[in-house]
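The primary structure of each chain is shown beneath.
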Amino acid sequence: MTEILYRQYVGESDLPHIMALVQSELSEPYVIYTYRYFLHQWPQLSFLAIPAGSSEPIGVIVCKQSMHKHTSNRGYIAMLSVSKSWRKRGVASTLVRRSVEVMRRHGVDEVVLETEYDNAPALSLYESLGFIREKRLYRFYLNGKDAFRLVLAVPPSELDQDLPHYMKLSPTNTIFSYSVASDDDEVSYR
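Scoring rules and cut-offs
- Residues numbered from 1 in each chain as written.
- Predicted model: local features only at pLDDT ≥ 70, side-chain atom pairs only at ≥ 80, totals over all residues.
- Heavy atoms only, no water.
- Salt bridge = Lys/Arg side-chain N within 4 Å of Asp/Glu carboxyl O.
- Buried < 20%, exposed > 50% of the residue type's maximum accessible area, 1.4 Å probe, protein only.
- Helix = DSSP H or I, 4+ residues; strand = E, 2+ residues; numbered from the N terminus.
- Arc of directions from axis to C-beta.
- Polar contact = N/O pair within 3.5 Å; in protein donor to acceptor, adjacent residues only side chain to side chain.

J.: Even after reading the chapter, I still don't get the pattern of salt bridges, so can you show me in this structure?
T.: Taken as a whole and judged by the stated rule, the model has 12 salt bridges. The partner of Asp14 in a salt bridge is Arg7, with the nearest N and O atoms 2.7 Å apart. Side by side, Asp14 and Arg7 carry an identical accessibility label, which is buried. Across the salt bridge formed by Glu25 and Lys84, the nearest N and O atoms sit 3.4 Å from each other. Taken together, the residues Glu25 in helix α1 (residues 15-25) and Lys84 in the loop between β4 (72-82) and α3 (91-105) connect sequence positions 59 residues apart. Judged by its relative accessible area of 56%, Lys84 falls in the exposed class. A network of salt bridges, in which partner residues are shared, links Glu25, Lys84 and Arg87.

J.: For this particular structure, what's the right way to read helix α4 (residues 120-128)?
T.: Each α-helix turn comprises 3.6 residues. Residues three or four places apart therefore point the same way. Among the residues of α4, Ala122, Leu123, Leu125 and Tyr126 are the ones counted as buried. Taken down its axis, α4 places every buried residue within 160° of arc, on the same side. Measuring from the side-chain oxygen of the N-cap residue of α4 to the backbone nitrogen of Ala122 gives 3.1 Å; that N-cap residue is Asn119. Of the residues one or two after α4, Gly130 is the one with positive phi, at around 105°.

Take a look at the structure:
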């Protein structure tokens, strides 16, 4: 088993790695400004997976969190990608769990995302993590494909119930280390 380190986005030096992973694995093209929009405003919600002893990331998740219609604190998974050779090892599920946990600490009520309607591995991953299909979005992607919007309701943890609101908003900048085991998740999810 290879150890994988999970760390938050640290700055522009991570950007070429993130862009390379996303561009090689996802069907939707993004310009550099799209990446910077997410990474500069919500750096604490983006994580990279890096094998121990390497400097090349093999997985990335890019997210945001903001108020939705002035009523709910909504998280959004914009991009999730893992190199083909590192799939089925739990990397994608760990990246999603890590980001959702940070969003939960920031008071998120729900997390949403879109994925291609026929991307069975992505749908399986997200549904195994508790996401449900909210609706089908016709011709959502530039390639003309439909998408499913998935949503995860995020209840506050029992530990957070007694904390003042301002204490729930502190970001974490810890490096997380996990051993890689065989898992059912696939990567290159949007």
